[in-house]
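Examination of the molecular architecture
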Amino acid sequence: MNSSSLTALPAWQALKAHAAALAGQHMRELFAADPDRFARLSFSFGPVRADYSKNRVTLETISLLAELARVRGVEEGRAAMFAGARINTTENRAVLHVALRNREERPMMVDGVDVMPEVRATRARLRTFSDDVRQGRWRGATGKVLRHIVNIGIGGSHLGPMFVADAMKDLQSPEMTVAFVSNPDRAQLDDALAKIDPAETLFIICSKTFTTAETTLNADAARAWLTARLGETAVAKHFAAVSTNVEAAKTFGIHPDAVFPMWDWVGGRYSVWSAIGLSVILVCGYDAFDQLLAGAEAMDRHFETASLEQNLPVILALIGVWYADFFDAPAVAVMPYDYRLKLFPFHLQQLDMESNGKGVTKEGAKVETQTGPIIFGGGGADSQHSFFQLLHQSPRLIPCDFIIALKGADGAGPSRDLLMANCLAQTEALLKGRTAADLASTPESLRPHREFTGNRPSNTLLLDELTPYVLGMLIALYEHKVFVQGLIWGVNSFDQWGVELGKELAKSLMPALRDKPAAAEGLLKARDSSTAGLALAYLQAKAQQ
Ligand code: F6P
């Protein structure tokens, strides 16, 4: 890894000059100048076609960006990850989520030890356990079949499985339900439990650490709800857990056969491929989950072996760096047009922003450039009727990712036609815009309002069909994209120290918030007047309840 100044690199300077040269060019001109632009700047890998031609790039841009990636050690970083090196330096951990979808006999090593035997053994246990629950061999305390799954977790122990379960909803067993509870606001747990029979409910406590405050609170509340109705001994039949902290899960009272391990080389936001996917496995069956892994594995092989210029995650990463650093683009908007992918932006928010929202390099020096962008988005059709106005006409440049499958719930039927028309039209409008000349018949006073600058970039991912396999490819594509960007920026994409300070301060506030206002005043003395004032307002309201 090259740790010298990023912006001083000749490759960076070459990009800067190239950006200045391209600045005056509208994408309309780039398309007009090259009838083969789409063919040249799009890429198919199996059932995924990526069109990146609607970007402010030329082939030269891609090759200059690839050169930057090369000198920043992307190839070495990629090899180090697959080799199980401790690339998460601040936590001294390997980063080996790719082992979780390694379905070949290939060994994956951490410190000279092959992790695959344990991974395979856990997969086998997941298959057995999920089959037993689904087929009624593992029943609840009263003998009823367990058909309501409630996943309790937060962050990566919530967003990944919730997104994947929703994306694979068509494969869910019609007899089963699944709910996801992350928020300590009791309202969420109450909603999940409102209509379900405790005798038919299985809770899964997902927590890598088993110490996360929100998850612990919800787990205790779920346990109290269950035992009030079925008695203390029911815990062993109605709870499962996934954690690196296997002992804590057992101490909670969970039956050892329902406790599944995780490993410190799996980051929370990369953990859906592990037993954290248990809720998905229970409602969709293990075979569907295996297909998810197979799709991710295919993307892993592509990422690992393809040259930088022919590598889908790398290309998307390069384009992202291009806008973040050479066009000052603050954000990326992600719009899946498939309803089943509507939760993808939430998963991506953690994946991207927790990974690359960093202010220092791996060596601890202040970064010289922008790093990870703000990620936002939502279902394409709905988003068109809310925030697309800003994408089209605000002075801000917001690069967009559009995602759509060629077939939907009604095949290539009328609903797909409308979605496809809208998806393509939006990318076209962003590209072309509308000039004053196009508005000849519009009253002059309205023309500025109806003009669109265009020249606004987008990628379009066309998926053959939203199968578990394709879904696996899609998620892995973005994981590797984020990793490559982190390598270019020189940050550690696998730690998340930025979430710690808030956690610590919340912990230190708790004693005051549990105390009487008079006593709390003393405890709050050292805090700023805003925090203390708001805390006291809360305590006074609480005292009056
Ligand atoms: O607070 C952030 C975080 O550490 C995430 O990285 C993680 O996915 C989440 O909390 C939940 O952590 P755990 O799985 O240990 O409960």
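All of these numbers come straight from a predicted model, not from anything done at the bench. (Residues numbered from 1 in each chain as written. Predicted model: local features only at pLDDT ≥ 70, side-chain atom pairs only at ≥ 80, totals over all residues. Heavy atoms only, no water.)

Attention now goes to the sheet that holds strand β9 (residues 259–261). One open sheet holds the 5 strands; their spatial order is β6-β5-β7-β8-β9, and the pairing between them is parallel. Each end of this open sheet is capped by a strand with a single partner; those strands are β6 (177–181) and β9. Here the strands of the sheet are splayed against their neighbours by 15 degrees on average, with no regard to which way each runs. Looking at chain direction, strand β5 (residues 148–152) and β6 are connected through 5 bridges and run parallel. Within β6, the residue paired with histidine 148 across the bridge is threonine 177. Packed onto the sheet, helix α7 (residues 116–134) meets β7 (201–206), β8 (239–243) and β9 and runs at close to 155 degrees relative to β9. (Pairing = 2+ DSSP bridges. Helix = DSSP H or I, 4+ residues; strand = E, 2+ residues; numbered from the N terminus. Axes fitted to C-alpha atoms, helices over the stretch in contact; angles between N-to-C directions. Contact = heavy atoms within 4.5 Å.)

It is worth spelling out the domain arrangement of the protein at this point. Domains assigned within the protein are domain 1 (43–65 + 311–435 + 448–495), domain 2 (120–290) and domain 3 (497–544). Relative to domain 3, the C-alpha centre of domain 2 lies at a distance of 33 Å. (Domains from an automatic or database assignment.)

Its 20 residues give helix α14 (residues 286–305) an end-to-end C-alpha distance of 28 Å, which sits within 8% of 28 Å, the value for a rise of 1.5 Å per residue. With respect to burial, α14 is a largely interior element, 15 of its 20 residues being buried. (Expected span 1.5 Å × (residues − 1). Buried < 20%, exposed > 50% of the residue type's maximum accessible area, 1.4 Å probe, protein only.)

Another point: helix α15 (residues 312–326). End to end, α15 covers 21 Å across 15 residues, agreeing with the expected 21 Å (1.5 Å per residue, within 8%). Just past α15, the residue aspartate 328 takes up positive phi, approximately 55 degrees.

This paragraph deals with the side chain of histidine 238. Along the chain, histidine 238 turns up in helix α11 (residues 235–238). Accessibility expressed as a relative area gives 0% for histidine 238, which makes it buried. Excluding residues within four positions of it along the chain, histidine 238 makes contact with Gly140, Ala141, Leu146, Pro198, Ala199, Thr201, Leu202, Phe203, Leu226 and Leu230.

Looking now at the sheet that holds strand β1 (residues 42–45). An order of β1-β2-β13-β12-β10-β11 is seen for the 6 strands of this open sheet, with the pairing classed as mixed. Whereas interior strands pair on both sides, the edge strands pair on one side only; in this sheet they are β1 and β11 (374–377). Neighbouring strand axes in the sheet, compared pairwise and without regard to direction, differ in orientation by 20 degrees on average. Of the strands in this sheet, β10 (331–336), β11 and β12 (400–407) touch helix α16 (residues 344–356), which is tilted by about 175 degrees from β11.

Next up on the list: the packing of aromatic side chains. Across all of its chains, the model carries 22 aromatic pairs by this definition. Each residue in the set Trp12, Trp322, Tyr323, Phe326 and Phe327 is aromatic and connected to the rest through ring pairs, giving one cluster. Residue placement shows arginine 37 over the ring face of phenylalanine 31; its charged tip is 5.0 Å from the ring centre. One residue, arginine 101, lies across the ring of tryptophan 273, its end atom 4.5 Å from the ring centre. (Phe/Tyr/Trp six-rings, centres within 6.5 Å; stacked < 30°, edge-to-face > 60°. Lys NZ or Arg CZ within 6 Å of the ring centre and 35° of its normal.)

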